[in-house]
Amino acid sequence: QVQLVESGGGLVQLGGSLRLSCAASGRTFSNYAMGWFRQSPGKEREAVAGISRGGGSTYYADSVKGRFTISRDNAKNTVDLQMNSLKPEDTAVYYCAAAPTIAQTIVITRRNQYPYWGQGTQVTVSS
């Protein structure tokens with residue numbers, strides 16, 4: 001089992017930036033594909049970005065392409081989400097998720113394929 005702890009959320013103005021970080025512990029981090037999801041009140045949790053075990057493959061939701069960047073450091077057991085040009089509609093609780101995978105290049109985008117989740121960190125973008 002892997003434990004995940006997110007950090008870096010907060011309040012930011014329209015057009016600002018935030019960097020979320022997720023620290024993993026408990027298992028070999030490099031065996032896991034990682035993802036960032038978000039959930040705002042009244043909405044389903046949605047995939048924001050994903051990254052493969054080795055970091056060579058990534059996925060972005062259309063709503064964040066060109067603004068968000070996912071990265072990982074397997075030596076430090078962390079996965080980050082750099083968020084630029086933030087908009088009020090980015091306001092949500094952001095969750096880090098992990099899924100064990102065999103292939104190095106697989107990116108997982110479906111919520112129900114991630115067995116491990118962090119507790120979430122709030123991101124609020126004011127206009």
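Figured I'd write up the structure that's included with this text. Keep in mind the model is a prediction, meaning the values are calculated, not measured.

Concerning the overall build of the chain
Now for step 1: Secondary structure assignment for the chain yields zero helices and 11 strands.
Now for step 2: Beginning at the N terminus, the succession of helices and strands in the chain can be written as β-β-β-β-β-β-β-β-β-β-β.
Now for step 3: Here the C-alpha radius of gyration of the chain, 13 Å, is about what a compact globule of 127 residues would show, namely 14 Å.
Now for step 4: Considering the chain as a whole, with its 127 residues, one finds that 44% of them fall into the buried category.
Now for step 5: Residue pairs in contact within the chain that sit at least 24 positions apart in sequence constitute 61% of those at least 6 positions apart.
Now for step 6: Only carbon and sulfur atoms are counted for the fraction: they give 46% of the accessible area of the chain, which is about 6400 Å².

A short note on the nonpolar core
Nonpolar side chains tend to gather and get buried jointly when the protein is soluble and globular.
Now for step 1: Counting 29 residues, the largest nonpolar core has Met 34, Trp 36, Val 79, Leu 81, Met 83 and Tyr 94 as the members making the most contacts within it.
Now for step 2: Elements represented by at least two residues in this core include exactly β3 (18-25), β4 (32-39), β5 (46-51), β7 (68-73), β8 (78-83), β9 (92-100) and β11 (121-126).
Now for step 3: Ranked by size, the runner-up nonpolar core spans seven residues in total, among them Ala 33, Ala 97, Ala 99 and Tyr 114.

As for the pattern of salt bridges
Now for step 1: Tallied over the full model, the rule gives five salt bridges.
Now for step 2: Ionic pairing is found between Asp 80 and Arg 19, a salt bridge with its closest N-O pair at 3.2 Å. Highlighted residues: Asp 80 in strand β8 and Arg 19 in strand β3, separated in sequence by 61 residues.
Now for step 3: When its relative accessible area of 43% is taken as the criterion, Arg 19 is described as partly exposed.
Now for step 4: For the salt bridge of Glu 46 with Arg 38, the shortest nitrogen-to-oxygen distance reads 2.7 Å.

Conventions and cut-offs
Residues numbered from 1 in each chain as written. Predicted model: local features only at pLDDT ≥ 70, side-chain atom pairs only at ≥ 80, totals over all residues. Heavy atoms only, no water. Helix = DSSP H or I, 4+ residues; strand = E, 2+ residues; numbered from the N terminus. Rg over C-alpha atoms; globule rule 2.2 N^0.38 Å. Buried < 20%, exposed > 50% of the residue type's maximum accessible area, 1.4 Å probe, protein only. Contact = heavy atoms within 4.5 Å. Areas by Shrake-Rupley, 256 points an atom, 1.4 Å probe, with all protein chains shown as cover. Core = buried A, V, L, I, M, F, W, Y, C linked by side-chain atoms within 4.5 Å. Salt bridge = Lys/Arg side-chain N within 4 Å of Asp/Glu carboxyl O.

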